[in-house]
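# Report on the structure
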Amino acid sequence: SGPVDVIEWKLVTTWPKGLPGLGAAPENFARRVNEASGGRLRIKVFGAGEIVPAFEVFDAVSRGVAEAGHGASYYWKGKIPASVFYTAVPFGMTAQEANGWLHYGGGLELWRELYAPFGVIPFAGGSTGVQMAGWFNIRLNDRTDLDGLKMRIPGLAGEVFDAAGGSAVRIAGGEVYTSMQTGVIDAVEWVGPYNDRTLGLMEVGEYYYYPGWHEPGAMLEFTVNQAAFDRLPADLQAIVEGAARATNQDTLDEFTARNNESLTTLLEEHSTKLRPLPADVMNVLHSNAVIALEELKKDDPMAQKISASYEAFLDGVRTYHEISERAYLNARDR
Ligand code: CA
């Protein structure tokens, strides 16, 4: 047999290079593809700013500047409003539920339809599980404390936060620490104990609020340039699909394993003050989440179509999770 053709891909990400957790997902994906293909498809991972800035990853993949990307779909909300369904819906599905919807409930097919006009194929790219509500430099007593509060909070949740009186700011991961330190923002949501600790947010935030109403099962994404994918032989296409699927689950497993130990460290070795969001604050966010979703669907046929699928799946899974997940957790921890 002749020499083996080696295909080389660039994968650009929205994360700082080398960031554990979120940034480990594309590295693990690249390693899986390289190993499974026997080196026939080699993927090199680039951090935010190395080839393109964080918020230009989607465009870079769309234009073929890079063959692949890793990030979160809600960063493209300005271009594709319905993309928010594929990261997180405030008070929406958990990671387990979202994975069910994507892979067995028609969610992924709709996602591919949404990105098709841009020549981009999406794959689920790792879930964080339920996130934390975030770091705040004021203590929240009631809903009036949200008034004028500047917070880094992306996606549909940003609209909800604005409607509740706050002011949502769009900032990439590499800049959240400095933005908190210099007072550009008063609050920040990033992920949860494991990844927030790696960014050092306990050094710039005083109160750590829970739960992550805004990102109950935040999903990351792999994006692949359609033409680059079409050029691959069928076995390499299957390897890309399989590696993305494996990495999607693996990321959730890692967050599940590491959040606990990181939370313990935050509480024992730093002066982090852990607090639940007051019921009054949660209520105003919940009512505004319903309104924000209605606004999103207005005049957007794809948002209506995806939302109908999402809501139907959630209605169904909610019924069973009431008597399984919730009933079991209550029984275990009585
Ligand atoms: Ca987040």
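Because the structure is predicted, anything quoted here is derived from the model rather than measured. (Residues numbered from 1 in each chain as written. Predicted model: local features only at pLDDT ≥ 70, side-chain atom pairs only at ≥ 80, totals over all residues. Heavy atoms only, no water.)

## Some points on the overall build of the protein
Within the protein, the regular secondary structure consists of 11 helices and 11 strands. The C-alpha radius of gyration computed for the protein amounts to 20 Å, which stays within 12% of the reference 20 Å derived for 334 residues, consistent with globular compactness. Along the first, second and third principal axes, the C-alpha atoms of the protein reach 70 × 40 × 40 Å. Put simply, the protein has 334 residues, and 53% of those count as buried. Of the contacts formed within the protein by residues at least 6 apart in sequence, a portion of 78% connects residues at least 24 apart. Counting every atom, the protein has about 14,400 Å² of accessible surface; 51% of that belongs to carbon and sulfur. Both charge centroids of the protein, one from 29 positive and one from 43 negative side chains, sit 2 Å from each other. (Helix = DSSP H or I, 4+ residues; strand = E, 2+ residues; numbered from the N terminus. Rg over C-alpha atoms; globule rule 2.2 N^0.38 Å. Buried < 20%, exposed > 50% of the residue type's maximum accessible area, 1.4 Å probe, protein only. Contact = heavy atoms within 4.5 Å. Areas by Shrake-Rupley, 256 points an atom, 1.4 Å probe, with all protein chains shown as cover. Lys, Arg positive; Asp, Glu negative; His and termini not counted. Charge placed at Lys NZ, Arg CZ, Asp CG, Glu CD.)

## Remarks on the sheet that holds strand E10 (residues 219-225)
Judged by pairing direction, the sheet is mixed, and its 5 strands sit side by side in the order E2-E1-E3-E10-E4 without closing on themselves. Looking at the sheet topology across the chains shown, the edges are occupied by strand E2 (41-46) and strand E4 (120-127). If you compare each strand with its neighbour and ignore which way they point, the axes differ by 25° on average. Against the sheet, helix H1 (residues 24-36) makes contact with strand E1 (7-13), E2, strand E3 (68-71), E4 and E10, and its axis sits at roughly 165° relative to E2, the strand it touches most. (Pairing = 2+ DSSP bridges. Axes fitted to C-alpha atoms, helices over the stretch in contact; angles between N-to-C directions.)

## Regarding the coordination of the calcium ion
Ideal values differ by geometry: the angle at a metal is 109.5 degrees with four tetrahedral donors, but 90 or 180 degrees with six octahedral donors. Looking at the calcium ion, the protein donor atoms are Gln131 (OE1), Glu189 (OE), Glu189 (OE), Trp190 (O), Glu215 (OE) and Glu215 (OE), and they sit 2.2 to 3.0 Å from it. Taken together, the 6 donor atoms coordinating the calcium ion and their angles of 45 to 168° define a geometry best described as irregular. The sequence pattern describing where the donors of the calcium ion fall on their chain is Q-x57-E-W-x24-E. Given a relative accessible area of 0%, Glu189 falls into the buried group. (Donors = N, O, S within 2.8 Å, 3.2 Å for Na, K, Ca; no water. Tetrahedral: all angles 85-135°; square planar, octahedral: opposite > 155°, others 65-115°.)

## Some remarks on helix H10 (residues 279-297)
Over its 19 residues, H10 runs 28 Å from end to end, which matches the ideal 27 Å to within 8%, given 1.5 Å per residue. Inspection of H10 places Val281, Met282, Val284, Leu285, Asn288, Ala289, Ala292, Leu293, Leu296 and Lys297 among the buried residues, and these make up the whole buried set. Buried residues along H10 sit in contact with helix H5 (156-163) and helix H11 (301-332). One or two residues past the end of H10 sits Asp299, with phi positive at roughly 60°. (Expected span 1.5 Å × (residues − 1).)

## Considering the pattern of salt bridges
With the rule as written, the count across this model stands at 18 salt bridges. Residue Glu295 pairs with Lys298 through a salt bridge whose shortest N-O separation is 3.0 Å. On the accessibility criterion, Glu295 (47% relative accessible area) is partly exposed. With a shortest N-O distance of 3.2 Å, Lys297 and Glu311 are connected by a salt bridge. Residue Lys297 is found in helix H10, and its partner Glu311 is found in helix H11; the two are separated by 14 residues along the sequence. A relative accessible area of 14% means that Lys297 is categorised as buried. On the basis of relative accessible area, Glu311 is assigned to the partly exposed category, the value being 30%. Here the salt bridges share partners, and the residues they tie into one network are Glu254, Arg258 and Glu261. (Salt bridge = Lys/Arg side-chain N within 4 Å of Asp/Glu carboxyl O.)

## Structural notes on the environment of Asn141
Along the chain, Asn141 falls in the loop between strand E5 (134-136) and strand E6 (150-152). Separated by 138 residues in sequence, Asn141 and Ala279 place their C-alpha atoms 9.4 Å apart.

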